[in-house]
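Structural description and commentary
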Amino acid sequence: MALVWIGLSLLLYSLSTECLRYPTDKDSARKLFRGWQNEHRKHYRTREQEVYGFEVFHENLKKINELNDLHRSRTEYRINKFADMSVSEFKSKILMPPRKPPQRGTKTCLGSKVTDPLPQSFDWTDKGVVTSVKDQGTVGTCWAFSTIGNIEGQWAIMGKPLTNLSVELLVDCDGTQDVKDGEADCGVFGGWPFLAFQFIQKLGGLETWEDYGYCSGSGKCFPCAPPGYNKTLCGPPESYCLKNQSCAAKLNRTKFITGLEVVSWEQVDKNETIMADQLMKLGPLSIALNAALLQFYHSGIFDPPICDPQDLDHAVLLVGFGQEKSVFGTRDFWKVKNSWGHKWGEEGYFRIKRGVGKCGMNTQVVNAFLKQ
Ligand SMILES: *[C@@H]1O[C@H](CO)[C@@H](O)[C@H](O)[C@H]1NC(C)=O
Ligand SMILES: *[C@@H]1O[C@H](CO)[C@@H](O)[C@H](O)[C@H]1NC(C)=O
Ligand SMILES: *[C@@H]1O[C@H](CO)[C@@H](O)[C@H](O)[C@H]1NC(C)=O
Ligand SMILES: *[C@@H]1O[C@H](CO)[C@@H](O)[C@H](O)[C@H]1NC(C)=O
Ligand SMILES: *[C@@H]1O[C@H](CO)[C@@H](O)[C@H](O)[C@H]1NC(C)=O
């Protein structure tokens, strides 16, 4: 009898908490908008911009309600700092242009011996090898954050002190291109961790975040495009830039961290059992996914029904996996570190469904190896 009661109250509890709905009449929406403006210190330069901002915000409230109806009990969506951005603005400002996962001959000799069985859960964030959540701002530099997150992990796992490494250095200096694949690193317009690994390998080192701080994405700096920037592959470079804020002026090799060198990199198999095994053996891994519906993610396990795995537009850091047990059954998830600030999602992280290739998150799993 007691068990039935517990079961029933759990069910009622989950039913009552899963239905977040925003009121969408104009007056309520305006009230929410004012509150949101205060919370995010959002000031518009002109009246027109504010009117437009409110219109988009109002539309987004309806959209978030729809998302919450659709994902009942799995994922919760809420208004956040992106609430006055339309889907297309979010895609063009925050995400990268969607691209197919590059097809390479997989050098994956990694996946042969799998730890069997896998533990129920595993998390690098409680092992002192993952730095604080960062914020990329309103530019497409996720690829540099994902790359650096992987290398920070590798460095710490070698027994070195956990260190915030420079993301801006990659954004400013890495114009690596792979003409054969038609891929390139394009500063604030996107890039790929596997190319960035090759860049750091060639460069021969990295500076710390403290020495070469992040300034893109908040209007604090206007560096020129990185050396080697390919306009055909990347699109037009920034129209305005300051040479004295660019790589040539800022890069300082005498500040390279002693001993930190990338010697190679490898891609991990798409099979998510092998991925979990490699995550435990290697460290936090760079991954890419289709993140279009991640804009208003708040909590839970991200599992949108429509999410093209061939359209990768965001790079992040895979840090763990686990199982969520509820009255609805058991759900396997991955834990992922994002670069949208610590207030976004689950303290800067999100969880995504594991085992089904969700949003293509298993198609670009890469890891750099450091000189031991
Ligand atoms: C990394 O930088 C953050 C600030 O963004 C700071 O709070 C944290 O202590 C730094 N971590 C390390 C390991 O230095
Ligand atoms: C830039 O990319 C295009 C397209 O792949 C390629 O044809 C061209 O040679 C590249 N330009 C340079 C300067 O490498
Ligand atoms: C870079 O150049 C701009 C414009 O010429 C100038 O205002 C700024 O002070 C310079 N910054 C540095 C760090 O030299
Ligand atoms: C590079 O860093 C070294 C060591 O901190 C410093 O002494 C030197 O002045 C720096 N060089 C430039 C050009 O900033
Ligand atoms: C994934 O790899 C595991 C472990 O090697 C294997 O048992 C399983 O059959 C693989 N799954 C698929 C879909 O290939």
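Calculation criteria
- Residues numbered from 1 in each chain as written.
- Chains lettered and ligands numbered in written order.
- Predicted model: local features only at pLDDT ≥ 70, side-chain atom pairs only at ≥ 80, totals over all residues.
- Heavy atoms only, no water.
- Near = heavy atom within 4 Å.
- Polar contact = N/O pair within 3.5 Å; in protein donor to acceptor, adjacent residues only side chain to side chain.
- Areas by Shrake-Rupley, 256 points an atom, 1.4 Å probe, with all protein chains shown as cover.
- Pairing = 2+ DSSP bridges.
- Helix = DSSP H or I, 4+ residues; strand = E, 2+ residues; numbered from the N terminus.
- Disulfide = S-S within 2.5 Å.
- Buried < 20%, exposed > 50% of the residue type's maximum accessible area, 1.4 Å probe, protein only.
- Contact = heavy atoms within 4.5 Å.

Within the structure, ligand 5 sits among V114, N271 and I274. Side-chain polar atom of N271 to an oxygen atom of ligand 5: 2.4 Å apart, as the coordinates give it. Contact with the protein chains hides 30% of the accessible area of ligand 5, taken as 360 Å² for the molecule alone.

Note that strand β2 (residues 122–123) and strand β8 (residues 314–326) share two bridges and pair antiparallel. Residue F122 lies in a different strand from β8, and its bridge partner there is F321. Pairing of strand β6 (residues 285–289) with β8 involves five bridges; the strand directions are antiparallel. In the sheet register, I287 faces β8, and the bridge partner there is V316. Bridging between β8 and strand β9 (residues 329–337) involves nine bridges; their strand directions are antiparallel. In the sheet register, F321 faces β9, and the bridge partner there is W334. If you look at the hairpin formed by β8 and β9, you'll find two residues sitting between the two strands.

Here the focus is the state of the cysteines. Per the counting criterion, the structure on display carries five disulfides. With a sulfur-sulfur separation of 2.1 Å, C215 is cross-linked through a disulfide to C221. Negative torsions about the S-S bond denote left-handed disulfides, and the value of about 85 degrees found for C215 with C221 makes this one right-handed. Like C221, C215 is buried. For the protein chain, the disulfide bridges join cysteines in the arrangement 1-8, 2-6, 3-4, 5-7, 9-10, where the cysteines are counted in sequence order. The thiol of C142 is unpaired, and the distance to the nearest cysteine sulfur, on C186, comes to 12 Å.

This paragraph deals with the side chain of T141. Relative to the helices and strands, T141 resides in the loop between β2 and α5 (142–157). At 2.8 Å, the side chain of T141 forms a polar contact with the side chain of Y214. Apart from residues no more than four positions distant in its own chain, T141 is found in contact with Q136, V171, G187, V188 and Y214.

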